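Residue-level listing of the chains:
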Amino acid sequence: MSPVIPIAAEPAPAPTAGSCAAERPVQRERGQREVFCGLTGIVWLHRKLQDAFFLVVGSRTCAHLLQSAAGVMIFAEPRFATAIIDDRDLAGLADANDELDGVVAQLVSRRPDIRLLFLVGSCPSEVIKLDLGRAAERLSQRLLPQVRVLHYSGSGIETTFTQGEDACLASLVPLMPTVGTAALPSLARGDAGTPADGAPPTSLLVVGALADIVEDQFRRLFAELGIPEVHFLPPRRAGALPPVGPGTRVLMAQPFLAETVRALEARGARRIPAVFPLGAEGTTEWVHAACLAFGVPHTTFAMAVGPRRERAARSMQRHRLALQGRRVFFFPDSQLEVPLARFLARELGMQLTEVGTPYLHRQHLAEELALLPDPVVLTEGQDVEAQLDRCRAAAPDLVVCGLGLANPLEAEGLATKWSIELVFTPVQGFEQAADLAELFTRPLVRRHKLGATDAPAPAPTPASPWRHAA
Ligand code: SF4
């Protein structure tokens, strides 16, 4: 094993109108898939967790994927690297565990700033059955208290790229400190209902990696609303893991965190059912769900949220003009497809031709599914050739898909939006609503500039009033 690069530095019935969320027909596909693997999550997680390091135990392919996806120069000393499983490891000529220990020792001595080290499994490490769980335990015993070692899998076998974040955050949950169940003063007075089957709420835990600027905006908003204790997972520093207990109320900021939420629920936390904070409506409903859980008076909610929602809706108007009535097709990729489809249909007036998603968590997406227009074609999983045929037949104005499909579809004359960009870019919250809308307008404007006559003319593009807001 050798250290690489940056260490030195089935078909469903036709949809029926009026179907409720739990009954919406979903076409399930089990064919060839075109998705990135979970290693991709390292690209945004290493920026968020500022004292963590991600060591992929994988192949040169894994190393190349990371290098190109992250776009970081070697001399920039990024906080990720790949320990290459080479021919000697594969042939059994070297003990992969000894090799891994050597790579980790080398890494830790060169990077004393590391406090948390993730060993990230890959397809090759799974194929040779390298037990990274044991390796992490062994190395933790050796390196604590300076460095804690955890592991998770980013393998591309039967997963999609956002599951890397889910696996990473789930690995952090056992380390989170436990808290008691003291009720909030307002709740003790009976201002909000105490759940009959659980402890009263004591703290809000927002789950899902958000850009720091978005996290700060939500912190300010929740403070204005009077929710006293708000935490975020992941935190910015490994040593600042938020507490969890029966009084913890989990508000999901991303829809692809099923394992993490399951682990938090096993620690006593309870999920607040909500849509996701995309767009003016989505963010309003998301915040409102938290307010209901914490007994925030409606007037307080309306005063804090009303002006923000209005500004967000105004900032999206020109994008609505460009997108209204246009048809969009989603290939399954990021697991953000259902919330995005809701946003595009309800707030920007787009028509949904097909909404494909790799996995459909009906419970976590119940509120989103309820807001989708009727009828809507929903697919789960993928049979890429069949889906490409449906996409060509539908001839949508815009296709949201993975990188591997975007160029061929562009070559066929279809406008595309890379779904991965919607995970990299700060898009949650009121202040980012126009930026989110612009991500969908841009490919159409580009086609207009290239001479496609049916594409919308570029709207005047004043900077979003939010872009430079504190
Ligand atoms: Fe490829 Fe698997 Fe490595 Fe991902 S983990 S880059 S799918 S070999």
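Structure: see above.
To keep things clear, this report deals only with the structure shown in the data block.

Parameters and conventions
- Residues numbered from 1 in each chain as written.
- Predicted model: local features only at pLDDT ≥ 70, side-chain atom pairs only at ≥ 80, totals over all residues.
- Heavy atoms only, no water.
- Helix = DSSP H or I, 4+ residues; strand = E, 2+ residues; numbered from the N terminus.
- Buried < 20%, exposed > 50% of the residue type's maximum accessible area, 1.4 Å probe, protein only.
- Areas by Shrake-Rupley, 256 points an atom, 1.4 Å probe, with all protein chains shown as cover.
- Near = heavy atom within 4 Å.
- Nonpolar A, V, L, I, M, F, W, Y, C, P; charged D, E, K, R; others polar.
- Axes fitted to C-alpha atoms, helices over the stretch in contact; angles between N-to-C directions.
- Parallel < 35°, antiparallel > 145°, perpendicular 65-115°, else oblique.
- Left-handed = near helix turned anticlockwise from the far one by under 90°.
- Contact = heavy atoms within 4.5 Å.
- Pairing = 2+ DSSP bridges.
- Polar contact = N/O pair within 3.5 Å; in protein donor to acceptor, adjacent residues only side chain to side chain.
- Salt bridge = Lys/Arg side-chain N within 4 Å of Asp/Glu carboxyl O.
- Core = buried A, V, L, I, M, F, W, Y, C linked by side-chain atoms within 4.5 Å.
- Phe/Tyr/Trp six-rings, centres within 6.5 Å; stacked < 30°, edge-to-face > 60°.

As a further point, take the overall build of the protein. Looking only at helices and strands, one finds 19 helices and 15 strands in the protein. Across the 470 residues in the protein, those meeting the buried criterion constitute 57%. Working note: accessible area of the protein is about 19000 Å², and carbon and sulfur atoms make up 54% of it.

As a matter of local geometry, the ligand sits amid Cys-37, Leu-39, Cys-62, Ser-122, Cys-123, Pro-124 and Gly-156. A class-by-class count of the residues in the shell around the ligand yields 5 nonpolar, 2 polar and no charged.

Another point: the packing of helix α4 (residues 96–110) against helix α6 (residues 132–143). Axis angle and axis distance: for two packed helices, these are the angle between their axes and the distance between the axes, and together they describe the pair. Axis separation between α4 and α6 bottoms out at 11 Å; the angle between their running directions is 45°. Comparing their axes, α6 and α4 come out oblique. Crossing of α4 against α6: the hand is right-handed. In contact with Asn-97, Leu-100, Asp-101, Val-104 and Val-108 of α4, α6 contributes Leu-132, Ala-135, Arg-138, Leu-139, Arg-142 and Leu-143. Among the residues making up the contact of α4 with α6, the classes are represented as 7 nonpolar, 1 polar and 3 charged.

Attention shifts here to unusual backbone geometry. For the peptide bond that leads from Leu-233 to Pro-234, omega is 5°, which places it in the cis range. By the element assignment, Pro-234 lies in the loop between β8 (230–233) and β9 (248–252). Cis rather than trans, the peptide bond between Asp-374 and Pro-375 has omega equal to -5°. On the secondary structure map, Pro-375 appears in the loop between α15 (366–371) and β13 (378–382). Unusually for a residue other than glycine, Lys-129 sits at a positive phi of about 55°. Looking at where Lys-129 falls in the secondary structure, it is placed in the loop between α5 (123–127) and α6. Of note in this structure, Gln-335 is not a glycine but carries a positive phi near 70°. By secondary structure assignment, the location of Gln-335 is in the loop between β11 (327–330) and α14 (337–348).

Further remarks concern the sheet that holds β8. Here we have 4 strands laid out as an open sheet, ordered β8-β7-β9-β10, and parallel in their pairing. Each end of this open sheet is capped by a strand with a single partner; those strands are β8 and β10 (270–271). Note that β9 and β10 share 2 bridges and pair parallel. Across the sheet, Arg-249 pairs through a bridge with Arg-270, a residue of β10. Those strands touched by helix α9 (residues 212–224) are β7 (203–207), β8 and β9, and its axis lies near 160° from that of β8.

Take the sheet that holds β13 next. If you walk across this open sheet you meet the 6 strands as β2-β13-β12-β11-β14-β15, and the pairing is parallel. At either end of the open sheet lies a strand with only one pairing partner, and these are β2 (26–30) and β15 (416–418). Ignoring strand direction, the axes of neighbouring strands in this sheet form an average angle of 20°. Bridging between strand β14 (residues 398–401) and β15 involves 3 bridges; their strand directions are parallel.

On the secondary structure map, Arg-342 appears in helix α14. In contact with Arg-342, other than residues within four places in its own chain, are Val-275, Phe-276, Leu-278, Glu-281, Gly-282, Glu-347, Glu-368, Leu-371 and Leu-372.

Looking now at the environment of Ala-345. Position of Ala-345 among the secondary structure elements: in helix α14. Judged by relative accessible area, Ala-345 falls into the buried class, the value being 16%. The sequence separation of Ala-345 and Arg-327 amounts to 18 residues, and the corresponding C-alpha distance is 9.5 Å. Contacts of Ala-345, omitting those with residues within four sequence positions, involve Met-350, Leu-352 and Pro-373.

What follows deals with the side chain of Arg-249. Relative to the assigned elements, Arg-249 resides in strand β9. We classify Arg-249 as buried; its relative accessible area is 5%. Engagement of the side chain of Arg-249 in a polar contact is seen with the backbone oxygen of Pro-246, the distance being 3.1 Å.

Right, let's talk about the packing of α14 against helix α19 (residues 433–449) for a bit. Running from N to C, α14 and α19 point in directions that differ by 95°, and their axes come no closer than 12 Å. Between α14 and α19, the angle is such that the two are roughly perpendicular. Contact residues: α14 offers Leu-340, Phe-343, Leu-344 and Leu-348, while α19 offers Ala-433, Leu-436, Ala-437 and Phe-440. Of the residues contributing to the contact of α14 with α19, the split by class is 8 nonpolar, no polar and no charged.

This part covers the environment of Val-244. Secondary-structure assignment places Val-244 in the loop between β8 and β9. Sequence spacing of Val-244 and Leu-175 is 69 residues, and the spatial spacing of their C-alpha atoms is 9.9 Å. Other than its neighbours up to four places away in sequence, Val-244 contacts Met-176, Pro-177, Thr-178, Val-179, Leu-264, Arg-267 and Ala-269.

For the structure on display, the rule yields 25 salt bridges. A salt bridge links Arg-390 to Glu-354, with the shortest nitrogen-to-oxygen separation between them at 2.7 Å. Taken together, the residues Arg-390 in helix α16 (residues 384–394) and Glu-354 in strand β12 (residues 351–357) connect sequence positions 36 residues apart. Linked through salt bridges whose partners overlap, the residues forming this network are Lys-48, Asp-212, Glu-215, Asp-216, Arg-219 and Arg-236.

When a protein is soluble and globular, its nonpolar side chains tend to lie buried together. With 106 residues, the main nonpolar core has Phe-54, Phe-118, Leu-204, Phe-222 and Leu-264 as its most contacted residues. Residues within four places of Phe-222 in sequence aside, it is in contact with Leu-204, Val-206, Ile-227, Val-230, Leu-251, Trp-286, Val-287 and Ala-290.

Take the packing of aromatic side chains next. Centre distance and the angle of the planes are the two values used to describe a pair of aromatic rings. Within the structure shown, the criterion is met by 8 aromatic pairs. Taken together, a centroid distance of 4.7 Å and an interplanar angle of 45° make the contact between Phe-218 and Trp-286 tilted. Note that Phe-218 is positioned in helix α9 and Trp-286 in helix α11 (residues 279–294), a separation of 68 residues in sequence. In terms of burial, Phe-218 and Trp-286 fall into one category: buried. An angle of 50° between the planes, with centres 5.9 Å apart, marks the rings of Phe-222 and Trp-286 as tilted.

Function cannot be inferred from these measures alone, as they are strictly geometric.
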